[in-house]
Protein chains: 2
Amino acid sequence: MGSPSTAPWKQLLLNSIHSNSHLNHSSYFQLATVASNGRPSNRTVVFRGFQDDSDKIQINTDSRTRKIDDLKHCSFAEICWYFTDSWEQFRVNGKVDVIDGSNPDPLKLQQREKAWFASSIKSRLQYLSPTSGIPSVDEQPSPVPTLDPSTSPVGVFCLLVLDPDQVDYLNLKSNERLIFTAGQSADGEKFWTREKVNA
Amino acid sequence: MGSPSTAPWKQLLLNSIHSNSHLNHSSYFQLATVASNGRPSNRTVVFRGFQDDSDKIQINTDSRTRKIDDLKHCSFAEICWYFTDSWEQFRVNGKVDVIDGSNPDPLKLQQREKAWFASSIKSRLQYLSPTSGIPSVDEQPSPVPTLDPSTSPVGVFCLLVLDPDQVDYLNLKSNERLIFTAGQSADGEKFWTREKVNA
(Lines give C-alpha, C1' and ligand atoms only; values in the text may rest on other atoms or scores of the structure.)
Protein backbone atom coordinates (compact mmCIF):
# COMPACT_ATOMS: atom_id res chain seq x y z
CA MET A 1 0.00 0.00 0.00
CA GLY A 2 0.99 3.65 0.01
CA SER A 3 2.87 5.41 -2.78
CA PRO A 4 5.66 3.44 -4.46
CA SER A 5 9.03 4.14 -2.88
CA THR A 6 11.30 6.60 -4.64
CA ALA A 7 14.13 5.08 -6.69
CA PRO A 8 17.27 5.20 -4.48
CA TRP A 9 19.40 6.75 -7.26
CA LYS A 10 16.93 9.57 -7.89
CA GLN A 11 18.02 11.64 -4.90
CA LEU A 12 21.69 11.18 -5.91
CA LEU A 13 20.84 12.48 -9.39
CA LEU A 14 18.77 15.38 -8.03
CA ASN A 15 21.75 16.33 -5.81
CA SER A 16 24.09 16.30 -8.83
CA ILE A 17 21.68 18.40 -10.88
CA HIS A 18 21.47 20.88 -8.00
CA SER A 19 25.23 21.07 -7.34
CA ASN A 20 26.00 21.61 -11.05
CA SER A 21 23.06 23.92 -11.83
CA HIS A 22 25.31 26.99 -12.15
CA LEU A 23 26.56 25.43 -15.42
CA ASN A 24 24.26 25.86 -18.43
CA HIS A 25 25.31 22.54 -19.89
CA SER A 26 24.53 20.58 -16.70
CA SER A 27 21.10 19.65 -18.09
CA TYR A 28 22.67 18.12 -21.23
CA PHE A 29 23.42 14.43 -21.50
CA GLN A 30 24.27 11.94 -24.23
CA LEU A 31 21.64 9.48 -25.41
CA ALA A 32 22.83 6.29 -27.11
CA THR A 33 20.53 4.20 -29.28
CA VAL A 34 20.97 1.40 -31.82
CA ALA A 35 20.36 2.27 -35.48
CA SER A 36 18.49 -0.05 -37.84
CA ASN A 37 21.84 -1.10 -39.37
CA GLY A 38 22.85 -2.38 -35.91
CA ARG A 39 25.39 0.36 -35.26
CA PRO A 40 25.30 2.53 -32.14
CA SER A 41 24.38 6.19 -32.40
CA ASN A 42 24.90 8.91 -29.82
CA ARG A 43 23.86 12.54 -29.44
CA THR A 44 23.49 15.30 -26.88
CA VAL A 45 19.94 15.98 -25.67
CA VAL A 46 18.34 18.10 -22.94
CA PHE A 47 16.92 16.72 -19.68
CA ARG A 48 13.24 17.77 -19.47
CA GLY A 49 12.66 16.52 -15.94
CA PHE A 50 11.13 13.44 -14.40
CA GLN A 51 7.61 12.48 -15.37
CA ASP A 52 5.36 13.60 -12.51
CA ASP A 53 6.68 11.93 -9.32
CA SER A 54 8.13 8.90 -11.08
CA ASP A 55 11.73 7.98 -11.94
CA LYS A 56 11.01 8.20 -15.68
CA ILE A 57 13.18 10.66 -17.61
CA GLN A 58 11.70 13.00 -20.22
CA ILE A 59 13.32 14.23 -23.44
CA ASN A 60 11.74 16.35 -26.18
CA THR A 61 12.59 15.64 -29.78
CA ASP A 62 11.54 16.09 -33.39
CA SER A 63 9.90 13.06 -35.02
CA ARG A 64 12.04 13.71 -38.14
CA THR A 65 15.32 12.99 -36.29
CA ARG A 66 17.10 9.70 -36.77
CA LYS A 67 16.76 8.69 -33.10
CA ILE A 68 13.05 8.03 -33.74
CA ASP A 69 13.93 5.47 -36.43
CA ASP A 70 16.53 4.01 -34.07
CA LEU A 71 13.98 3.63 -31.26
CA LYS A 72 11.48 1.95 -33.61
CA HIS A 73 14.17 -0.61 -34.39
CA CYS A 74 15.35 -1.02 -30.77
CA SER A 75 13.40 0.68 -27.99
CA PHE A 76 16.28 0.65 -25.49
CA ALA A 77 18.57 3.59 -24.86
CA GLU A 78 21.39 4.47 -22.50
CA ILE A 79 21.88 7.94 -21.11
CA CYS A 80 25.40 8.94 -20.13
CA TRP A 81 25.22 12.05 -17.97
CA TYR A 82 28.53 13.45 -16.85
CA PHE A 83 28.56 16.32 -14.37
CA THR A 84 31.67 18.35 -15.11
CA ASP A 85 31.85 20.17 -11.77
CA SER A 86 31.17 17.32 -9.33
CA TRP A 87 32.89 14.67 -11.47
CA GLU A 88 29.92 12.31 -11.29
CA GLN A 89 28.61 10.07 -14.04
CA PHE A 90 25.18 8.46 -14.29
CA ARG A 91 24.59 5.77 -16.90
CA VAL A 92 20.86 5.17 -17.14
CA ASN A 93 19.64 2.26 -19.24
CA GLY A 94 15.99 1.62 -20.02
CA LYS A 95 13.18 1.35 -22.50
CA VAL A 96 11.95 4.45 -24.26
CA ASP A 97 8.32 5.24 -24.96
CA VAL A 98 7.99 7.44 -28.06
CA ILE A 99 4.92 9.66 -27.73
CA ASP A 100 3.96 11.53 -30.89
CA GLY A 101 0.68 13.18 -31.87
CA SER A 102 -0.78 9.91 -33.18
CA ASN A 103 -0.56 8.14 -29.80
CA PRO A 104 -3.90 6.43 -29.00
CA ASP A 105 -3.54 6.93 -25.22
CA PRO A 106 -5.24 10.19 -24.06
CA LEU A 107 -3.07 10.31 -20.90
CA LYS A 108 0.13 10.13 -22.98
CA LEU A 109 -1.13 12.82 -25.34
CA GLN A 110 -1.76 14.97 -22.28
CA GLN A 111 1.83 14.36 -21.08
CA ARG A 112 3.09 15.36 -24.53
CA GLU A 113 1.05 18.56 -24.40
CA LYS A 114 2.36 19.32 -20.91
CA ALA A 115 5.96 18.88 -22.14
CA TRP A 116 5.27 21.19 -25.09
CA PHE A 117 3.93 24.01 -22.92
CA ALA A 118 6.73 23.50 -20.35
CA SER A 119 9.35 24.27 -23.01
CA SER A 120 10.29 27.80 -24.03
CA ILE A 121 8.87 29.52 -27.11
CA LYS A 122 12.41 29.45 -28.53
CA SER A 123 12.54 25.65 -28.10
CA ARG A 124 9.10 25.25 -29.64
CA LEU A 125 10.12 27.33 -32.66
CA GLN A 126 12.77 24.72 -33.54
CA TYR A 127 9.97 22.32 -34.45
CA LEU A 128 8.82 24.74 -37.17
CA SER A 129 12.24 24.69 -38.92
CA PRO A 130 12.90 22.98 -42.24
CA THR A 131 13.52 19.25 -41.98
CA SER A 132 16.55 18.62 -39.83
CA GLY A 133 19.35 16.75 -41.60
CA ILE A 134 18.13 17.66 -45.11
CA PRO A 135 20.70 19.40 -47.33
CA SER A 136 20.36 23.16 -46.87
CA VAL A 137 20.04 25.68 -49.68
CA ASP A 138 21.87 28.86 -48.71
CA GLU A 139 20.32 30.88 -51.53
CA GLN A 140 16.79 30.60 -50.20
CA PRO A 141 16.73 31.75 -46.59
CA SER A 142 13.67 30.31 -44.92
CA PRO A 143 11.29 32.84 -43.36
CA VAL A 144 11.60 33.29 -39.59
CA PRO A 145 8.64 31.39 -38.15
CA THR A 146 6.35 32.88 -35.53
CA LEU A 147 4.33 30.94 -32.98
CA ASP A 148 1.29 31.75 -30.88
CA PRO A 149 2.17 30.72 -27.27
CA SER A 150 -1.22 29.03 -26.91
CA THR A 151 -0.72 26.82 -30.00
CA SER A 152 -0.94 23.07 -29.27
CA PRO A 153 2.06 20.80 -29.96
CA VAL A 154 2.95 20.76 -33.65
CA GLY A 155 2.82 17.43 -35.48
CA VAL A 156 6.54 16.67 -35.37
CA PHE A 157 6.86 17.34 -31.61
CA CYS A 158 7.65 14.11 -29.83
CA LEU A 159 8.03 13.29 -26.13
CA LEU A 160 10.45 10.51 -25.21
CA VAL A 161 9.99 8.85 -21.81
CA LEU A 162 12.85 6.63 -20.63
CA ASP A 163 11.86 4.11 -17.97
CA PRO A 164 15.14 3.18 -16.22
CA ASP A 165 15.94 -0.42 -15.31
CA GLN A 166 19.61 0.05 -14.48
CA VAL A 167 21.58 3.03 -13.19
CA ASP A 168 25.36 2.92 -12.91
CA TYR A 169 26.67 5.76 -10.73
CA LEU A 170 30.34 6.72 -10.63
CA ASN A 171 31.92 9.44 -8.49
CA LEU A 172 35.42 10.22 -9.79
CA LYS A 173 36.29 12.31 -6.72
CA SER A 174 35.55 9.63 -4.11
CA ASN A 175 36.04 6.71 -6.54
CA GLU A 176 32.68 5.37 -5.40
CA ARG A 177 30.64 3.27 -7.80
CA LEU A 178 27.10 2.04 -7.24
CA ILE A 179 24.94 -0.07 -9.53
CA PHE A 180 21.18 0.13 -9.07
CA THR A 181 19.07 -2.57 -10.72
CA ALA A 182 15.30 -2.64 -11.00
CA GLY A 183 13.29 -5.74 -10.22
CA GLN A 184 9.63 -6.55 -9.90
CA SER A 185 7.99 -7.87 -6.75
CA ALA A 186 5.34 -10.62 -6.73
CA ASP A 187 2.59 -7.97 -6.72
CA GLY A 188 4.10 -6.36 -9.82
CA GLU A 189 5.63 -3.36 -8.08
CA LYS A 190 9.02 -2.10 -9.27
CA PHE A 191 11.79 -2.20 -6.67
CA TRP A 192 15.50 -1.32 -6.76
CA THR A 193 18.55 -3.18 -5.48
CA ARG A 194 21.85 -1.40 -4.91
CA GLU A 195 25.34 -2.83 -5.14
CA LYS A 196 28.63 -1.13 -4.35
CA VAL A 197 31.27 -2.18 -6.89
CA ASN A 198 34.91 -1.39 -7.60
CA ALA A 199 35.23 1.73 -9.74
CA MET B 1 51.19 10.19 -54.70
CA GLY B 2 52.24 12.18 -51.66
CA SER B 3 50.72 11.83 -48.20
CA PRO B 4 46.97 11.16 -48.01
CA SER B 5 44.98 14.37 -47.59
CA THR B 6 43.94 15.28 -44.07
CA ALA B 7 40.31 14.57 -43.18
CA PRO B 8 38.41 17.88 -43.59
CA TRP B 9 36.72 17.58 -40.17
CA LYS B 10 40.02 17.03 -38.35
CA GLN B 11 41.02 20.71 -38.36
CA LEU B 12 37.53 21.65 -37.10
CA LEU B 13 37.95 19.19 -34.22
CA LEU B 14 41.50 20.37 -33.45
CA ASN B 15 40.17 23.97 -33.32
CA SER B 16 37.44 22.93 -30.86
CA ILE B 17 39.93 21.06 -28.68
CA HIS B 18 42.15 24.15 -28.66
CA SER B 19 39.38 26.66 -27.92
CA ASN B 20 38.03 24.53 -25.03
CA SER B 21 41.40 23.41 -23.64
CA HIS B 22 41.06 25.64 -20.53
CA LEU B 23 38.37 23.20 -19.36
CA ASN B 24 39.66 19.97 -17.82
CA HIS B 25 36.69 18.01 -19.09
CA SER B 26 37.17 19.13 -22.72
CA SER B 27 39.11 15.93 -23.48
CA TYR B 28 36.21 13.76 -22.26
CA PHE B 29 33.61 12.37 -24.64
CA GLN B 30 30.90 9.72 -24.58
CA LEU B 31 31.46 6.44 -26.39
CA ALA B 32 28.39 4.43 -27.39
CA THR B 33 28.60 0.72 -28.22
CA VAL B 34 26.11 -2.13 -28.62
CA ALA B 35 26.07 -4.79 -25.89
CA SER B 36 25.75 -8.49 -26.67
CA ASN B 37 22.07 -8.34 -25.61
CA GLY B 38 21.52 -5.81 -28.40
CA ARG B 39 21.05 -2.83 -26.09
CA PRO B 40 23.08 0.35 -26.41
CA SER B 41 25.65 1.26 -23.78
CA ASN B 42 27.32 4.59 -23.22
CA ARG B 43 30.15 5.90 -21.03
CA THR B 44 32.58 8.78 -20.66
CA VAL B 45 36.13 8.14 -21.87
CA VAL B 46 39.25 10.25 -22.39
CA PHE B 47 40.58 11.35 -25.79
CA ARG B 48 44.16 10.05 -26.14
CA GLY B 49 44.95 11.83 -29.39
CA PHE B 50 45.01 10.87 -33.03
CA GLN B 51 47.11 7.92 -34.10
CA ASP B 52 50.28 9.35 -35.63
CA ASP B 53 49.20 11.69 -38.46
CA SER B 54 45.99 9.84 -39.25
CA ASP B 55 42.35 10.68 -38.44
CA LYS B 56 42.05 7.62 -36.16
CA ILE B 57 41.04 8.37 -32.57
CA GLN B 58 42.76 6.65 -29.63
CA ILE B 59 41.20 5.64 -26.31
CA ASN B 60 42.85 3.69 -23.48
CA THR B 61 40.82 1.16 -21.56
CA ASP B 62 40.93 -1.88 -19.29
CA SER B 63 40.27 -5.24 -20.99
CA ARG B 64 38.04 -6.17 -18.01
CA THR B 65 35.49 -3.42 -18.79
CA ARG B 66 32.21 -4.26 -20.45
CA LYS B 67 32.95 -2.15 -23.54
CA ILE B 68 35.45 -4.81 -24.64
CA ASP B 69 32.69 -7.45 -24.66
CA ASP B 70 30.45 -4.98 -26.50
CA LEU B 71 33.10 -4.37 -29.18
CA LYS B 72 33.63 -8.11 -29.66
CA HIS B 73 29.89 -8.41 -30.35
CA CYS B 74 29.70 -5.29 -32.58
CA SER B 75 32.91 -3.51 -33.54
CA PHE B 76 31.22 -0.17 -34.33
CA ALA B 77 31.05 2.73 -31.92
CA GLU B 78 29.85 6.33 -31.95
CA ILE B 79 31.62 9.09 -30.10
CA CYS B 80 29.54 12.06 -29.00
CA TRP B 81 31.87 14.91 -28.09
CA TYR B 82 30.18 18.06 -26.84
CA PHE B 83 32.33 21.13 -26.23
CA THR B 84 30.64 23.05 -23.44
CA ASP B 85 32.33 26.40 -24.08
CA SER B 86 32.08 26.64 -27.88
CA TRP B 87 28.72 24.82 -28.08
CA GLU B 88 29.97 22.41 -30.73
CA GLN B 89 29.14 18.72 -31.05
CA PHE B 90 31.03 16.08 -33.01
CA ARG B 91 29.43 12.69 -33.56
CA VAL B 92 32.08 10.33 -34.88
CA ASN B 93 31.02 6.88 -36.07
CA GLY B 94 33.44 4.17 -37.05
CA LYS B 95 34.91 0.74 -36.50
CA VAL B 96 37.04 0.13 -33.43
CA ASP B 97 40.22 -1.92 -33.39
CA VAL B 98 40.78 -3.46 -29.95
CA ILE B 99 44.52 -3.85 -29.32
CA ASP B 100 45.41 -5.89 -26.25
CA GLY B 101 48.66 -7.61 -25.30
CA SER B 102 47.81 -10.73 -27.31
CA ASN B 103 47.62 -8.87 -30.64
CA PRO B 104 49.67 -10.73 -33.29
CA ASP B 105 50.66 -7.53 -35.17
CA PRO B 106 54.01 -6.16 -33.88
CA LEU B 107 53.17 -2.63 -35.17
CA LYS B 108 49.94 -2.60 -33.17
CA LEU B 109 51.71 -3.87 -30.05
CA GLN B 110 54.15 -1.00 -30.52
CA GLN B 111 51.24 1.49 -30.73
CA ARG B 112 49.81 0.01 -27.55
CA GLU B 113 53.16 0.42 -25.80
CA LYS B 114 53.43 4.02 -27.03
CA ALA B 115 49.94 4.77 -25.63
CA TRP B 116 50.92 3.21 -22.29
CA PHE B 117 54.03 5.34 -21.88
CA ALA B 118 52.19 8.47 -23.08
CA SER B 119 49.74 8.19 -20.17
CA SER B 120 50.53 9.41 -16.67
CA ILE B 121 51.74 7.12 -13.88
CA LYS B 122 48.45 7.87 -12.11
CA SER B 123 46.50 6.65 -15.17
CA ARG B 124 48.67 3.54 -15.44
CA LEU B 125 48.10 2.70 -11.77
CA GLN B 126 44.36 2.32 -12.46
CA TYR B 127 45.15 -0.84 -14.42
CA LEU B 128 46.59 -2.41 -11.27
CA SER B 129 43.32 -1.93 -9.32
CA PRO B 130 41.00 -4.78 -8.37
CA THR B 131 38.66 -5.88 -11.12
CA SER B 132 36.45 -2.98 -12.10
CA GLY B 133 32.73 -3.64 -11.64
CA ILE B 134 33.22 -6.48 -9.15
CA PRO B 135 31.44 -6.05 -5.79
CA SER B 136 33.79 -4.31 -3.38
CA VAL B 137 34.56 -5.48 0.15
CA ASP B 138 34.97 -2.46 2.39
CA GLU B 139 36.53 -4.47 5.22
CA GLN B 140 39.61 -5.42 3.23
CA PRO B 141 41.21 -2.26 1.82
CA SER B 142 43.40 -3.24 -1.10
CA PRO B 143 47.06 -2.25 -0.80
CA VAL B 144 48.09 0.90 -2.69
CA PRO B 145 49.89 -0.39 -5.79
CA THR B 146 53.23 1.00 -6.91
CA LEU B 147 54.57 1.03 -10.45
CA ASP B 148 58.03 1.37 -11.96
CA PRO B 149 57.76 4.07 -14.70
CA SER B 150 59.74 1.84 -17.08
CA THR B 151 57.35 -1.14 -16.69
CA SER B 152 55.81 -2.30 -19.99
CA PRO B 153 52.00 -2.22 -20.44
CA VAL B 154 50.27 -4.53 -17.96
CA GLY B 155 48.16 -7.37 -19.37
CA VAL B 156 44.77 -5.68 -18.99
CA PHE B 157 45.85 -2.45 -20.71
CA CYS B 158 44.04 -2.09 -24.00
CA LEU B 159 44.30 0.49 -26.77
CA LEU B 160 41.14 1.24 -28.76
CA VAL B 161 41.56 2.82 -32.18
CA LEU B 162 38.42 4.22 -33.79
CA ASP B 163 38.64 4.60 -37.58
CA PRO B 164 35.95 7.20 -38.45
CA ASP B 165 33.69 6.75 -41.46
CA GLN B 166 31.17 9.48 -40.63
CA VAL B 167 31.45 12.72 -38.69
CA ASP B 168 28.39 14.83 -37.93
CA TYR B 169 29.39 18.34 -36.82
CA LEU B 170 26.92 20.74 -35.18
CA ASN B 171 27.60 24.28 -34.05
CA LEU B 172 24.83 25.46 -31.73
CA LYS B 173 26.01 29.09 -31.84
CA SER B 174 25.93 29.49 -35.63
CA ASN B 175 23.36 26.71 -36.17
CA GLU B 176 25.72 25.24 -38.77
CA ARG B 177 25.65 21.49 -39.38
CA LEU B 178 28.05 19.57 -41.60
CA ILE B 179 28.10 15.85 -42.34
CA PHE B 180 31.38 14.33 -43.49
CA THR B 181 31.26 10.87 -45.06
CA ALA B 182 34.22 8.67 -45.93
CA GLY B 183 34.47 6.89 -49.26
CA GLN B 184 37.09 4.87 -51.02
CA SER B 185 38.61 5.79 -54.38
CA ALA B 186 39.37 3.23 -57.13
CA ASP B 187 42.96 2.98 -55.90
CA GLY B 188 41.73 2.15 -52.39
CA GLU B 189 42.50 5.51 -50.83
CA LYS B 190 40.07 6.94 -48.27
CA PHE B 191 38.46 10.27 -49.21
CA TRP B 192 35.88 12.48 -47.52
CA THR B 193 32.78 14.21 -48.85
CA ARG B 194 31.17 17.10 -47.01
CA GLU B 195 27.52 18.14 -46.98
CA LYS B 196 25.94 21.15 -45.33
CA VAL B 197 22.57 20.19 -43.85
CA ASN B 198 19.82 21.86 -41.83
CA ALA B 199 20.60 21.76 -38.11
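Residues numbered from 1 in each chain as written. Chains lettered and ligands numbered in written order. Predicted model: local features only at pLDDT ≥ 70, side-chain atom pairs only at ≥ 80, totals over all residues. Heavy atoms only, no water.

- The name recorded for chain A in an unreviewed UniProt entry is pyridoxal 5'-phosphate synthase, from Abeliophyllum distichum.
- The UniProt entry for chain A carries the following text under Cofactor (unreviewed entry): "FMN". (UniProt positions renumbered as here; feature names shortened; annotations may be inferred.)

**Digging into the UniProt feature "domain: Pyridoxamine 5'-phosphate oxidase Alr4036 family FMN-binding" (unreviewed entry) in chain A**
Part 1 of the argument: The positions that UniProt labels "domain: Pyridoxamine 5'-phosphate oxidase Alr4036 family FMN-binding" (unreviewed entry) are, in the present scheme, residues 7-99 of chain A.
Part 2 of the argument: The straight-line gap between the two end C-alpha atoms of residues 7-99 of chain A is 23 Å; of that span, 22% is helix and 43% is strand. (Helix = DSSP H or I, 4+ residues; strand = E, 2+ residues; numbered from the N terminus.)

**Here we look at the pattern of salt bridges**
Part 1 of the argument: This model, assessed by the stated rule, comprises 18 salt bridges over all chains.
Part 2 of the argument: As a salt-bridge pair, Asp163 of chain B and Lys190 of chain B come within 2.7 Å of each other at their nearest N and O atoms. One end of the pair, Asp163 of chain B, is in strand 6 (residues 157-171); the other, Lys190 of chain B, is in strand 8 (residues 190-197), and 27 residues separate them in sequence.
Part 3 of the argument: Relative accessible area serves as the criterion here: at 30%, Lys190 of chain B is assigned to the partly exposed category.
Part 4 of the argument: The structure contains a network of salt bridges with shared partners spanning Asp55, Asp163 and Lys190 of chain A. (Salt bridge = Lys/Arg side-chain N within 4 Å of Asp/Glu carboxyl O. Buried < 20%, exposed > 50% of the residue type's maximum accessible area, 1.4 Å probe, protein only.)

**Topic: the interface of chain A and chain B**
Part 1 of the argument: Listed as interface residues are 41 residues of chain A and, on the opposing side, 41 residues of chain B.
Part 2 of the argument: Looking at the side of chain A facing chain B, the largest losses of area belong to Arg39, Pro40 and Asn42 of chain A, adding up to 19% of the total buried there.
Part 3 of the argument: Scanning the region where chain A abuts chain B turns up two salt bridges.
Part 4 of the argument: Ionic pairing is found between Asp165 of chain A and Arg39 of chain B, a salt bridge with its closest N-O pair at 3.1 Å.
Part 5 of the argument: For the interface between chain A and chain B, the tally reads 15 residue pairs in polar contact (both at pLDDT 80 or more). (Contact = heavy atoms within 4.5 Å. Buried area = accessible area lost by both parts, 1.4 Å probe. Polar contact = N/O pair within 3.5 Å; in protein donor to acceptor, adjacent residues only side chain to side chain.)

**Focus on the packing of aromatic side chains**
All names here are of chain B.
Part 1 of the argument: Inspection of every chain in the model, using the stated rule, returns 26 aromatic pairs over all chains.
Part 2 of the argument: Ring centres of Phe47 and Phe50 lie 5.5 Å apart, and the angle between their planes is 80 degrees; this geometry places the pair in the edge-to-face category. Note on accessibility: Phe47 and Phe50 belong to one class, buried.
Part 3 of the argument: Consider the rings of Trp116 and Phe157, whose centres lie 5.1 Å apart with planes at 70 degrees: the pair is edge-to-face. Of this pair, Trp116 sits in helix 3 (residues 106-118) while Phe157 sits in strand 6; the two residues are 41 residues apart in sequence, bridging distant segments of the chain. With respect to class, Trp116 is no different from Phe157; both count as buried. (Phe/Tyr/Trp six-rings, centres within 6.5 Å; stacked < 30°, edge-to-face > 60°.)

**Description of helix 2 (residues 66-73) of chain A**
Residues and elements named next belong to chain A.
Part 1 of the argument: Taken residue by residue, helix 2 has Lys67, Ile68, Asp70 and Leu71 as its buried positions. Seen end-on, helix 2 carries its buried residues on one side only, within an arc spanning 160 degrees. The exposed residues of helix 2 that point more than 90 degrees off its buried face are Arg66 and Lys72.
Part 2 of the argument: Structurally, helix 2 contributes buried residues whose contacts are with strand 1 (28-34), strand 2 (40-46), strand 3 (57-62), strand 4 (76-83), strand 5 (88-99) and strand 6 (157-171). (Arc of directions from axis to C-beta.)

**Things to note about unusual backbone geometry**
The general pattern is negative phi for most residues beyond glycine and trans for most peptide bonds.
Residues and elements named next belong to chain B.
Part 1 of the argument: One non-glycine residue, Asp52, lies in the positive phi region at around 45 degrees.
Part 2 of the argument: Along the polypeptide, Asp52 turns up in the loop between strand 2 (40-46) and strand 3 (57-62).
Part 3 of the argument: Looking at Asp52, the relative accessible area reads 51%, which means it is exposed.
Part 4 of the argument: Of note in the backbone geometry, Asn175 takes a positive phi value of approximately 60 degrees without being a glycine.
Part 5 of the argument: One can find Asn175 in the loop between strand 6 and strand 7 (176-184).

**Things to note about the relation of the copies chain A and chain B**
Part 1 of the argument: Least-squares fitting of chain A to chain B yields an RMSD of 0.0 Å, with the transformation described by 0.0 Å of translation along the axis and a rotation of 180 degrees. Given the turn and translation reported, the copies of this chain are related as if by a two-fold rotation axis. Taking C-alpha positions as the reference, the residue of chain A nearest the rotation axis is Ala32 of chain A, at 2.9 Å.
Part 2 of the argument: The fraction of interface residues of chain A whose copies in chain B are also interface residues reaches 100%, indicating that both copies meet through the same surface. (Least-squares fit on C-alpha atoms with pLDDT ≥ 70 in both.)

**Some details on the pairing of strand 8 (residues 190-197) of chain A**
Residues and elements named next belong to chain A.
Part 1 of the argument: The pairing of strand 7 (residues 176-184) with strand 8 spans eight bridges and is antiparallel. Paired with Gly183 across the two strands is Phe191, which belongs to strand 8.
Part 2 of the argument: Where strand 7 folds back onto strand 8 in an antiparallel hairpin, the turn is made up of five residues, including Gly188, whose phi is positive at roughly 85 degrees. (Pairing = 2+ DSSP bridges.)

**Focus on the pairing of strand 7 of chain B**
All names here are of chain B.
Part 1 of the argument: Direction of pairing for strand 6 relative to strand 7: antiparallel, over a ladder of six bridges. Directly across from Asn171, in strand 7, lies its bridge partner Glu176.
Part 2 of the argument: With antiparallel pairing between neighbouring strands as the criterion, strand 6 and strand 7 make up a hairpin whose turn holds four residues, including Asn175 at a positive phi of roughly 60 degrees.

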